[in-house]
Amino acid sequence: MTVDTKPTFTIYYGTFVNPVSISDLEYVVTGAIGVNDKSGTIEFVERNVSSVDQVLADKASLLVQYTVNVISNTDKQASFFFPGFFDTHIHAPQYPNCGIFGKSTLLDWLETYTFPLESSLSNIDKAKFVYNKVIDRTLRSGTTTASYYATVHVGATKALADVALERGQRAFVGRVCMTQNSPDYYCDASEEAAQAADLEVIDYVTGLDPTRERVAPILTPRFAPSCTPATMKWMGQVMHERDLACQTHLSENVKEIAWVKELFPENDSYTDVYDKAGILGKRTILAHCVHLSDTEVATIKARGSGISHCPTSNSSITSGEAPMRRYLDAGVKCSLGTDLSGGYAPSVLEVARQALLVSRHVAMKSSRGDADKLSVAEVLCLGTIGGAQVCEMADQLGSFEVGKKWDAQLIDLEVENSPVDVFEWQEPRIGEGGEDLNRLENLVAKWLFGGDDRNVSRVWVDGRQVIGSK
Ligand code: GUN
Ligand code: ZN
């Protein structure tokens, strides 16, 4: 008996939609993307393809080297491959509280709902249970990379990194640092204890994946009010010494901003607090940024830091409307975050939808009108290539390009129980090899506004399928 020991290669054949910049989607009705399964890397992207046989004939040399599999979506009219989503701001321990926020705003919401729940995840079994649930839910919603806040607990934070690695979701994992102005029952014991705890988690996560491609540590000062200046300065040093990512909240709510002014009177602005501490780097993710001055935007741009726009959260806990067009025009890297559970939805698709709607509210109040509106393509780019840029991973992720990783979702609008109805005159393949790109563009708009996780039929990370039947 002979055993086929050739490595495998997969050709993803059919319709794909591809973010090619921070504002544009490319629509391909019949194409082919070739992926080396061992490395998970895209080796070719073909646009004008007439049949899978033509692709196999053109790539005949592959058949010698590899066992070639074909995964096709051409049996469906309303189905397309799309890059996996980036959720650049999500609190894993807050997942059980999705939807529970009443009429609260940030500071009372933290005291009433959030700190008690996070504190209860000192129980490691409970933490693992919650973390499995949130990773399962976000993966099924098409999120292939997430930047997670855990809790202050070292053990539970390590567990979050373990679960992400086991489940195959790319993740930044941060222990939340809280060295002042926090409840007695939920805070770091001292600055020294916080530093030791952070280093322990950073070393542990780095040990899990020294390449930092699958799981990576991220410094996580909760927000300026809950960290002493000395703690933030120490983080700035460690960030530079170890070339680490960093994430925090910035300028989310007006009362919070007033509190920061009171706590840090010597600083020019909220952004200046972080800047003087040295934690604004090119791998720093700043969540919310609802109420920034032009000077603050210029500082963020100069440091190369990125913004995580969290519109679901900003509407839910009444923080405001982030002026995303202003930030994009200023050339700041921008992305989307669910901000569970300030945000109620674990799906980046829902956040993209809300980003589009909130931009309409910004437009209604502004003299610039339509210029402030974000398009369907723009919000989907924020959720993919924008996330990759903010995480400084755009050389590897965020779109379908030769040399990038196959982190992808297969969207199927015709699945049983689909929340979206597609009509015959909306189908992009129009017979005799004809194609209608406008119809495909409209299908993507229907997906954005009507779709949900029922339409995510398969998800891959690094070329490996992590969701869906094979
Ligand atoms: N600011 C400080 N902590 C939090 C949090 O957990 N969620 C949000 N949305 N803002 C914060
Ligand atoms: Zn948050």
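Keep in mind that what you see is a predicted model, and the values were worked out from it rather than measured. (Residues numbered from 1 in each chain as written. Chains lettered and ligands numbered in written order. Predicted model: local features only at pLDDT ≥ 70, side-chain atom pairs only at ≥ 80, totals over all residues. Heavy atoms only, no water.)

## Section: the coordination of the zinc ion (ligand 2)
Now for step 1: Around the zinc ion (ligand 2), the protein contributes the donor atoms His89 (NE2), His91 (NE2), His249 (NE2) and Asp339 (OD), which lie 2.0 to 2.2 Å from the metal centre.
Now for step 2: Considering all four donor atoms around the zinc ion (ligand 2), the spread of angles at the metal, 89 to 166 degrees, places the coordination shape in the irregular class.
Now for step 3: Written as a sequence motif, the donor arrangement for the zinc ion (ligand 2) is H-x1-H-x157-H-x89-D. One end of the pair, His89, is in strand β6 (residues 85-91); the other, Asp339, is in the loop between β14 (333-336) and α13 (348-365), and 250 residues separate them in sequence. This pair shows no difference in class: His89 is buried, exactly as Asp339 is. (Donors = N, O, S within 2.8 Å, 3.2 Å for Na, K, Ca; no water. Tetrahedral: all angles 85-135°; square planar, octahedral: opposite > 155°, others 65-115°. Helix = DSSP H or I, 4+ residues; strand = E, 2+ residues; numbered from the N terminus. Buried < 20%, exposed > 50% of the residue type's maximum accessible area, 1.4 Å probe, protein only.)

## Topic: the pattern of salt bridges
Now for step 1: Inspection of every chain in the model, using the stated rule, returns 29 salt bridges.
Now for step 2: Asp136 is paired through a salt bridge with Arg167; the nearest N and O atoms lie 2.9 Å apart. Residue Asp136 is located in helix α4 (residues 124-140), and its partner Arg167 is located in helix α5 (residues 154-167); the two are separated by 31 residues in the primary sequence.
Now for step 3: Using a relative accessible area of 28% as the deciding quantity, one classes Arg167 as partly exposed.
Now for step 4: Between Asp462 and Arg214 there is a salt bridge, with the nearest N and O atoms lying 3.2 Å from each other. Placement of the pair is Asp462 in the loop between β16 (456-461) and β17 (464-467) and Arg214 in the loop between α6 (191-208) and β10 (215-221), with a sequence separation of 248 residues.
Now for step 5: Owing to a relative accessible area of 22%, Arg214 belongs among the partly exposed residues under this scheme.
Now for step 6: Residues participating in the shared-partner salt-bridge network are Arg170, Arg214, Lys405, Asp407 and Asp462. (Salt bridge = Lys/Arg side-chain N within 4 Å of Asp/Glu carboxyl O.)

## Quick notes on empty space enclosed by the protein
Taking a probe equal in size to a water molecule and rolling it over the atoms shows the remaining empty space.
Now for step 1: As enumerated under the stated definition, the model contains four cavities of 30 Å³ or more in all.
Now for step 2: In this model, the largest cavity occupies a volume close to 100 Å³.
Now for step 3: Considering the residues around the largest cavity, the lining is formed by His91, Gln94, Leu106, Trp109, Leu110, Arg222, Phe223, His249, Glu252, His288, Ile317 and Asp339.
Now for step 4: Top element by residues in the lining of the largest cavity is helix α3 (residues 106-120). It accounts for three residues.
Now for step 5: When the residues that make up the lining of the largest cavity are grouped by side-chain class, the tally is five nonpolar, four polar and three charged. (1 Å grid on protein atoms, 1.4 Å probe; cavity = no way out; pocket = protein on both sides within 12 Å on 5 of 7 lines; lining within 4 Å. Points joined across faces, edges and corners; volume = space filled by probe spheres on them. Nonpolar A, V, L, I, M, F, W, Y, C, P; charged D, E, K, R; others polar.)

## Overview of the site of ligand 1
Now for step 1: Every residue lining ligand 1 is accounted for by His91, Gln94, Leu106, Trp109, Leu110, Arg222, Phe223, His249, Glu252, His288 and Asp339.
Now for step 2: At 2.7 Å, a side-chain N or O of Asp339 approaches a nitrogen atom of ligand 1.
Now for step 3: Within the complex, 100% of the 280 Å² of free accessible area of ligand 1 lies under protein.
Now for step 4: Judged by the proximity of its atoms to the pocket grid, ligand 1 belongs to the largest cavity.
Now for step 5: Here the shell around ligand 1 takes three residues from α3, the largest share from any one element.
Now for step 6: Classifying every residue of the shell around ligand 1 by side-chain character gives four nonpolar, four polar and three charged. (Near = heavy atom within 4 Å. Polar contact = N/O pair within 3.5 Å; in protein donor to acceptor, adjacent residues only side chain to side chain. Areas by Shrake-Rupley, 256 points an atom, 1.4 Å probe, with all protein chains shown as cover. Sits in = over half its atoms within 2 Å of the grid points.)

## Digging into the UniProt feature "domain: Amidohydrolase-related" (unreviewed entry) in the chain
Now for step 1: Per the UniProt record, "domain: Amidohydrolase-related" (unreviewed entry) is found at residues 82-466.
Now for step 2: For residues 82-466, helix accounts for 43% and strand for 16%, while the C-alpha atoms at its two ends are 15 Å apart. (UniProt positions renumbered as here; feature names shortened; annotations may be inferred.)

## A word on the environment of Ser61
Now for step 1: Relative to the elements of secondary structure, Ser61 occurs in helix α2 (residues 60-65).
Now for step 2: Ser61 sits in the exposed class, given a relative accessible area of 53%.
Now for step 3: Note: C-alpha distance between Ser61 and Lys76 (15 residues apart in sequence) is 29 Å.

## Details of the environment of Lys446
Now for step 1: Examined against the element boundaries, Lys446 turns out to sit in helix α15 (residues 437-450).
Now for step 2: Judged by its relative accessible area of 23%, Lys446 is partly exposed.
Now for step 3: Separated by 56 residues in sequence, Lys446 and Val390 place their C-alpha atoms 27 Å apart.

## Re the packing of α13 against helix α14 (residues 376-390)
Angle between the axes and distance between the axes: these two values describe a pair of packed helices.
Now for step 1: Orientation of α13 relative to α14, taken along the N-to-C sense of each, is 135 degrees, at an axis distance of 9 Å. By the criterion of interaxial angle, the relationship of α13 to α14 is oblique. The handedness of the crossing between α13 and α14 comes out as right-handed. Contacts from Val348, Leu349, Ala352, Ala355 and Leu356 of α13 reach α14 at Val376, Val379, Leu380 and Gly383.
Now for step 2: Of the residues assigned to the contact of α13 with α14, the class counts are eight nonpolar, one polar and no charged. (Axes fitted to C-alpha atoms, helices over the stretch in contact; angles between N-to-C directions. Parallel < 35°, antiparallel > 145°, perpendicular 65-115°, else oblique. Left-handed = near helix turned anticlockwise from the far one by under 90°. Contact = heavy atoms within 4.5 Å.)

## Some words on the packing of aromatic side chains
Now for step 1: One pass over the structure, following the stated rule, counts 18 aromatic pairs.
Now for step 2: On the numbers, 5.6 Å between centres and 85 degrees between planes, the contact of Tyr12 with Phe81 is edge-to-face. Remark: Phe81 occurs in strand β5 (residues 79-83) and Tyr12 occurs in strand β1 (residues 8-19); sequence separation between them is 69 residues.
Now for step 3: For Tyr12, a relative accessible area of 2% corresponds to the buried category.
Now for step 4: Clustering of aromatic rings is evident, with ring pairs tying together Tyr12, Phe16, Phe81, Phe400, Trp406 and Trp460. (Phe/Tyr/Trp six-rings, centres within 6.5 Å; stacked < 30°, edge-to-face > 60°.)

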